[in-house]
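Here is what each chain is made of, one letter per residue.
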Amino acid sequence: MAHWRRVVEHREGLEERHPELAGDRRPVLAHEGIFAGRPLRAGDDVPAAVAAASAAAGRTGTHGDRVPPTA
């Protein structure tokens, strides 16, 4: 347990010095269905995200798998 605490503390220090490594810490609101490829996060423009995810879902499966074109 102590090892993992040191690992986390080291990573936190690294992220404080280099914020670009921290990544997106906003809460995920949706991550399934049309949002499987790109989760919807707090603060995102919901109508734009839904439109983009719906358009992408038309080109791929709901889990990001390529769907072969139909004849």
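The structure displayed is predicted, hence computed values, not measured ones. (Residues numbered from 1 in each chain as written. Predicted model: local features only at pLDDT ≥ 70, side-chain atom pairs only at ≥ 80, totals over all residues. Heavy atoms only, no water.)

A.B. asks: Tell me what's going on with the overall build of the protein chain, and back it up with residues and numbers.
C.D. replies: Each helix and strand counted, the protein chain has two helices and two strands in total. Reading the helices (α) and strands (β) of the protein chain from amino to carboxyl end gives α-β-β-α. Residue burial in the protein chain is summarised as follows: out of 71 residues, 13% are buried. Excluding contacts between residues fewer than 6 apart, the proportion of contacts in the protein chain whose partners are at least 24 apart in sequence is 8%. (Helix = DSSP H or I, 4+ residues; strand = E, 2+ residues; numbered from the N terminus. Buried < 20%, exposed > 50% of the residue type's maximum accessible area, 1.4 Å probe, protein only. Contact = heavy atoms within 4.5 Å.)

A.B. asks: An account of the pattern of salt bridges is needed here, citing residue identities and associated values.
C.D. replies: Pairs can form between side chains of opposite charge once their charged atoms are near each other. Scanning all chains against the criterion turns up six salt bridges. Between D24 and R26 there is a salt bridge, and its shortest N-O distance comes to 2.8 Å. With a closest N to O distance of 2.8 Å, D44 and R26 form a salt bridge. Of this pair, D44 sits in the loop between strand 2 (40-41) and helix 2 (46-59) while R26 sits in the loop between helix 1 (2-17) and strand 1 (28-30), and the two are 18 residues apart along the sequence. In this structure D44 comes out as partly exposed when scored by relative accessible area, which is 23%. Note on R26: relative accessible area 32%, which makes it partly exposed. Taken together, the salt bridges that share partners define one network made up of D24, R26, R41 and D44. (Salt bridge = Lys/Arg side-chain N within 4 Å of Asp/Glu carboxyl O.)

A.B. asks: Give me the lowdown on a nonpolar patch on the surface, citing residues and values where you can.
C.D. replies: Judged by side-chain polarity, I34, V46 and V50 come together as a nonpolar surface patch covering roughly 190 Å² of accessible area. Examined against the element boundaries, I34 turns out to sit in the loop between strand 1 and strand 2. (Patch = residues over 30% accessible without salt bridge, like charges linked within 9 Å, V, L, I, M, F, W, Y side chains within 5 Å. Areas by Shrake-Rupley, 256 points an atom, 1.4 Å probe, with all protein chains shown as cover.)

Shape is all these values report; function is a separate question.
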